[in-house]
Amino acid sequence: MSAKRLAIIDDDEAVRQSLLWLLDGQGYRADGFDSGEAFLAAGNGHDYNGIVLDLRLSGISGIVLLEKLAHWPYCPPVIMLTAHGDVPHAVAALKLGALDFIEKPFDDVRLLERAAAAVELDEQNRQRHGLQRKVSAALALLTEREREVMQLILAGKLNKQIAEELSISMKTVEVHRSRVFEKMGVKSAVELAGMLAAPGAQGGKL
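Keep in mind that this is a model prediction, so the values were computed, not measured. (Residues numbered from 1 in each chain as written. Predicted model: local features only at pLDDT ≥ 70, side-chain atom pairs only at ≥ 80, totals over all residues. Heavy atoms only, no water.)

Enquirer: Lay out the UniProt feature "modified residue: 4-aspartylphosphate" (unreviewed entry) in the protein in plain terms, naming residues and giving numbers.
Expert: Within the UniProt annotation, "modified residue: 4-aspartylphosphate" (unreviewed entry) is assigned to Asp54. With respect to the helices and strands, Asp54 occurs in strand S3 (residues 50-54). Under the relative-accessibility criterion, Asp54 is labelled buried at 4%. Leaving out residues up to four positions away in the same chain, Asp54 has contacts with Ile9, Asp10, Asp11, Gly62, Leu81, Thr82 and Lys104. (UniProt positions renumbered as here; feature names shortened; annotations may be inferred. Helix = DSSP H or I, 4+ residues; strand = E, 2+ residues; numbered from the N terminus. Buried < 20%, exposed > 50% of the residue type's maximum accessible area, 1.4 Å probe, protein only. Contact = heavy atoms within 4.5 Å.)

Enquirer: Can you lay out the confidence of the model for the protein for me, pointing to particular residues and giving the numbers?
Expert: For the protein, per-residue confidence averages 89 on the pLDDT scale, and residues scoring 70 or more make up 94% of the total. The least confident element of the protein is helix H4 (residues 87-95), whose mean pLDDT is 81; the most confident is strand S1 (residues 5-9), at 97. (pLDDT = per-residue confidence, 0-100.)

Enquirer: How would you summarise a negative patch on the surface if you had to cite specific residues and measurements?
Expert: A surface patch of negative charge is lined by Asp11, Asp12, Glu13 and Asp34. Structurally, Asp12 can be placed in the loop between S1 and helix H1 (13-24). You can call Asp12 partly exposed: its relative accessible area is 34%. (Patch = residues over 30% accessible without salt bridge, like charges linked within 9 Å, V, L, I, M, F, W, Y side chains within 5 Å. Areas by Shrake-Rupley, 256 points an atom, 1.4 Å probe, with all protein chains shown as cover. Salt bridge = Lys/Arg side-chain N within 4 Å of Asp/Glu carboxyl O. Lys, Arg positive; Asp, Glu negative; His and termini not counted. Charge placed at Lys NZ, Arg CZ, Asp CG, Glu CD.)

Enquirer: Got a sec to walk through helix H5 (residues 108-140)? Specific residues and values, please.
Expert: Taking 1.5 Å of rise per residue, the 33 residues of H5 would be expected to cover 48 Å, and the 47 Å separating its terminal C-alpha atoms lies within 8% of that figure. For H5, the set of buried residues is Leu111, Leu112, Ala115, Ala117, Ala118, Val119, Asp122, Asn125, Val135, Ala138 and Leu139. (Expected span 1.5 Å × (residues − 1).)

Enquirer: Tell me about the layout of surface pockets, residues and numbers included.
Expert: Within this model, the largest pocket holds a volume of roughly 200 Å³. As for the largest pocket, its lining consists of 15 residues, of which Cys75, Pro76, Pro77, Leu96 and Gly97 are closest to the centre. Here the lining of the largest pocket is composed, by residue class, of 13 nonpolar, two polar and no charged. (1 Å grid on protein atoms, 1.4 Å probe; cavity = no way out; pocket = protein on both sides within 12 Å on 5 of 7 lines; lining within 4 Å. Points joined across faces, edges and corners; volume = space filled by probe spheres on them. Nonpolar A, V, L, I, M, F, W, Y, C, P; charged D, E, K, R; others polar.)

Enquirer: Report on the sheet that holds S3, specifying residues and quantitative values.
Expert: Reading across the sheet, the five strands line up as S2-S1-S3-S4-S5 and stay open at both edges, with parallel pairing between neighbours. Two strands close off the open sheet at either side, each with one partner strand: strand S2 (29-33) and strand S5 (100-103). When the angles between neighbouring strand axes are averaged without regard to direction, this sheet yields 20 degrees. (Pairing = 2+ DSSP bridges. Axes fitted to C-alpha atoms, helices over the stretch in contact; angles between N-to-C directions.)

Enquirer: Hey, could you go over the side chain of Thr82 for me, with residue numbers and the actual values?
Expert: Position of Thr82 among the secondary structure elements: in strand S4 (residues 78-82). If we skip the residues at most four places from it in the chain, Thr82 touches Asp54, Leu55, Arg56, Phe101, Ile102, Glu103 and Lys104.

Enquirer: I'd like to hear about unusual backbone geometry, residue by residue, with values.
Expert: When glycine is set aside, most residues are seen to have a negative phi, and most peptide bonds are trans. Following Lys104, the chain continues to Pro105 via a peptide bond in cis, the omega torsion being -5 degrees. Along the polypeptide, Pro105 turns up in the loop between S5 and H5. Phi at Ser167 is positive, roughly 55 degrees, even though this residue is not glycine. With respect to the helices, strands and loops of the structure, Ser167 is situated in the loop between helix H7 (159-166) and helix H8 (170-184). Classification of Ser167 by relative accessible area gives exposed; the value is 66%.

Next comes the structure, spelled out in structure tokens:
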């Protein structure tokens, strides 16, 4: 994925070209789409670092498209544009996860500020999303007994205490502990706790 890549979705060709020119001049790689359908058909929406989306589009509206994007495993930050802005639409867009709601004619400086904010937020979100996927994949490898041992490790229990609580031998606890660390990709209980407590890891269900 290329850095600072933005999608512009607006059925007004003049506005779309103006945005492309503005963003290209600031070092962004901007691609224009004249409809939500065209954007979805391209099939690479998740590759963008941000999306500038017009509210009123021919075909599916910007709000409907935003609803569809909300169901993606990962959606880049979205900046909504409209020449007909009102409070209900702004609230609906923000509830669906839009980063901001800007009325036309927009101020170039503000739009560029929000574009920069979208790219920064995208980087943070992708890191959290990547960690969540990593944690979820690792947790899926654990057996039921290994999960039980892990929970007790996280509770600060010693091997002897875990053995007593689960009615298994110390040797068996040591084997399970070793496998938990190996599958989770950590070397200590402290590292394991830090991994699961990190922002973005909460998506991995214990």
